[in-house]
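# Secondary and tertiary structure notes
These are the residues of each chain, in order.
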Amino acid sequence: MAKINSLIIEKNAIYFLLKELKRNMISGKILYVSDPIVDSLYGDIVKKQIEQIGVLKVEMVDNNSISYAMNLAERCIATDVTCIVGLGGGKVLDVCKYAAYVSKRLFVSIPTTMANDGICSPIAVLKRQDNKPKSLGCEMPTVLLLDTSLIMNSPIDLIKAGIGDTISNYMALKDWKYAVEKNQDTMNGYAYLMSQNSLDALMKTKFNHICSAFISVLANSLVLSGLAMDYAGSSRPVSGSEHLFSHALDYYNSYQNLHGIQVALGTIAVLKIINEDYLDVLTYLKKFEVDINPSHLNISEDMFVLCMQKATSMRAGRFTYLNDADLSEKRLRLIYKELVEEL
Ligand SMILES: [Zn+2]
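Since the structure is predicted, the reported quantities are computational estimates derived from the model, not experimental observations.

In terms of helices and strands, the protein chain carries 14 helices and 8 strands. A globule of 343 residues ought to have a C-alpha radius of gyration of about 20 Å, and the protein chain, at 20 Å, matches this closely. Projected onto its principal axes, the C-alpha coordinates of the protein chain cover approximately 65 × 40 × 35 Å. Scored against the burial criterion, the 343 residues of the protein chain give a buried share of 50%. In the protein chain, of all internal contacts separated by at least 6 residues, the share reaching a separation of at least 24 is 79%.

A few words now on the pairing of strand β7 (residues 133–137). Here strand β6 (residues 123–127) runs beside β7; their pairing, made up of 5 bridges, is antiparallel. Pairing of Lys-127 across the sheet is with Pro-133, part of β7. Hairpin geometry of β6 and β7 is characterised by an intervening segment of 5 residues between the two adjacent antiparallel strands and by a positive phi of about 75° at Asn-131.

The phi dihedral of Asn-131 falls on the positive side, at around 75°, and the residue is not glycine. You can see Asn-131 is positioned in the loop between β6 and β7. In this structure, Asn-298 is a non-glycine residue whose phi angle is positive, near 55°. Inspection of the secondary structure assignment puts Asn-298 in the loop between α12 (279–287) and α13 (301–310).

Quick look at the domain arrangement of the protein chain now. When the parts of a complex come together, some accessible area is lost, and that lost area is often taken as the interface size. Taken as a whole, the protein chain is organised into domain 1 (6–152) and domain 2 (156–342). Between the C-alpha centres of domain 1 and domain 2 the distance comes to 27 Å. Contact residues are listed per partner, giving 19 residues for domain 1 and 25 residues for domain 2. If you list the elements that add at least two residues to the side of domain 1 that touches domain 2, you get β1 (6–10) and α5 (148–152). The dominant element in the side of domain 1 that touches domain 2, judged by the number of residues it contributes, is α5, at 3 residues.

This paragraph deals with helix α9 (residues 212–232). Between the first and last C-alpha of α9 there are 31 Å, a value that for 21 residues agrees with the 30 Å anticipated at 1.5 Å per step. The buried fraction of α9 amounts to 15 of the 21 residues, a majority that puts the element mostly inside the structure. In the stretch just after α9, Gly-233 is the one whose phi turns positive, near 75°.

In this section: the environment of Asn-153. Its place among the elements puts Asn-153 in the loop between α5 and α6 (156–167). In the structure, Asn-153 is positioned 103 residues away from Ile-50 in sequence and 23 Å away in space, judged by C-alpha atoms.

Take the nonpolar core next. Ile-84, Val-85, Cys-96, Ala-99 and Phe-245 are the most contacted members of the largest nonpolar core, which totals 109 residues. Sort the elements by how many residues they give to this core and α9 lands first, with 11 residues.

Here we come to the packing of α13 against helix α14 (residues 329–342). Between α13 and α14, the least distance of the axes is 9 Å, while the angle of their chain directions is 125°. On the basis of the axis angle, α13 is oblique to α14. The two elements α13 and α14 meet at a crossing, and its hand is right-handed. Note on element contacts: α14 touches α13 through Glu-329, Leu-332, Arg-333 and Tyr-336, opposite Glu-301, Phe-304, Val-305 and Met-308.

The next point concerns α6. Over its 12 residues, α6 runs 17 Å from end to end, which matches the ideal 16 Å to within 8%, given 1.5 Å per residue. When you tally the buried positions in α6, you get 9 out of 12 residues, the bulk of the element. The secondary structure elements touched by the buried residues of α6 are α7 (169–181), α8 (189–203), α9, α11 (259–273) and α12.

The next thing to look at is the sheet that holds β1. Taken in spatial order, the 6 strands of this open sheet run β1-β8-β5-β4-β2-β3, and their pairing is parallel. With one partner strand each, in any of the chains shown, β1 and β3 (54–60) form the two edges of the open sheet. Recorded for the sheet is a direction-independent mean angle of 15° between the axes of neighbouring strands. With 5 bridges joining them, β1 and strand β8 (residues 143–147) adopt parallel strand pairing. In the sheet register, Ile-9 faces β8, and the bridge partner there is Leu-146. Against the sheet, α9 engages β1 and β8, with an angle of about 155° to β1.

Here we come to the environment of Cys-138. Counting through the fold element by element, Cys-138 comes out in the loop between β7 and β8. Look past the residues within four positions of Cys-138 in its chain and what remains in contact with it is Lys-97, Tyr-98, Tyr-101, Pro-122, Ile-123 and Ala-124.

Another aspect to go through is the packing of α7 against α8. In a pair of packed helices, the angle between the axes and the distance between the axes together describe the arrangement. Packing of α7 against α8 brings their axes to within 9 Å, and their N-to-C directions diverge by 155°. By the angle class used here, α7 and α8 are roughly antiparallel. Note that α7 runs across α8; the crossing there is left-handed. Along its contact with α7, which presents Asn-169, Tyr-170, Ala-172, Leu-173 and Trp-176, the element α8 presents Tyr-192, Ser-195, Gln-196, Ser-198 and Leu-199. Its residues assigned to classes, the contact of α7 with α8 comprises 6 nonpolar, 4 polar and no charged.

Conventions we followed
- Residues numbered from 1 in each chain as written.
- Predicted model: local features only at pLDDT ≥ 70, side-chain atom pairs only at ≥ 80, totals over all residues.
- Helix = DSSP H or I, 4+ residues; strand = E, 2+ residues; numbered from the N terminus.
- Rg over C-alpha atoms; globule rule 2.2 N^0.38 Å.
- Buried ≥ 20, exposed ≤ 12 C-beta atoms within 10 Å, placed from the backbone.
- Contact = placed C-beta atoms within 7 Å.
- Pairing = 2+ DSSP bridges.
- Domains from an automatic or database assignment.
- Expected span 1.5 Å × (residues − 1).
- Core = buried A, V, L, I, M, F, W, Y, C linked by C-beta atoms within 7 Å.
- Axes fitted to C-alpha atoms, helices over the stretch in contact; angles between N-to-C directions.
- Parallel < 35°, antiparallel > 145°, perpendicular 65-115°, else oblique.
- Left-handed = near helix turned anticlockwise from the far one by under 90°.
- Nonpolar A, V, L, I, M, F, W, Y, C, P; charged D, E, K, R; others polar.

See the structure below:
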């Protein structure tokens, strides 16, 4: 398990880069990785700090395929890059995370969005050659600088997706407990508690709209979810049936929604399927205007039925409530109609 040396979540954290590079004794060739839009907004702040301690190399990411990340890793090895500094959203950071893991380089992560718990997790999601997403195990960043003022300026839909991904811990934890009861998995009590705390911090927050103080709460929750994954050595603490449903959508549905929105829909949908109370979660999502109505997400009734039925086959060994639930077409069509009306 790679360890995070520095974890900073606060306003203006981007300006702490130089201090953190020094503290972690990083010098030599430092590869700055971003995309052109983010680079034009915040790139100079990062590049100027790198130039004060090392030799700046620049890479602009234009895709997030596995082969591209492997190629970047190879170039890091061949040209003696010591460290990768990634500035951007999930796509840029997942490329960096995987390239750093393969090349065994240090990774400094500076997220500019917070749409899921991948901002601080040992998993990178990259595209295969057929353009389908693939979750790949790797390592945590060495340094995480989460600048809440940058996130506050990011698109609100991405923040709402971050809320959705944290809320999905509700279903993931239920599924984990169920799998343990059925002797299909083992429990890691501390990882369970970390994921539960991540969820509780968000669910019990006194804020009822997205403001700067709420962003800090959400950032801490997402990071804690990532740490729970790292501690458990798997995504089990934060990924259950609702994630399997979302993976099926990623695979079968031609329209791509944000991951955090799909897993929030999955949470409510599965709770309905297994006849469990979902009102607390739904009320919370509505309070923050997180729209998960499948008809607004280009998820048709047929697609919903298909993806719920295919969910259990999306990941070997992940036992959830769906393994024992009634997934008949008739019942799923009824649930879909209810979701369209209620959400
Ligand atoms: Zn997730």
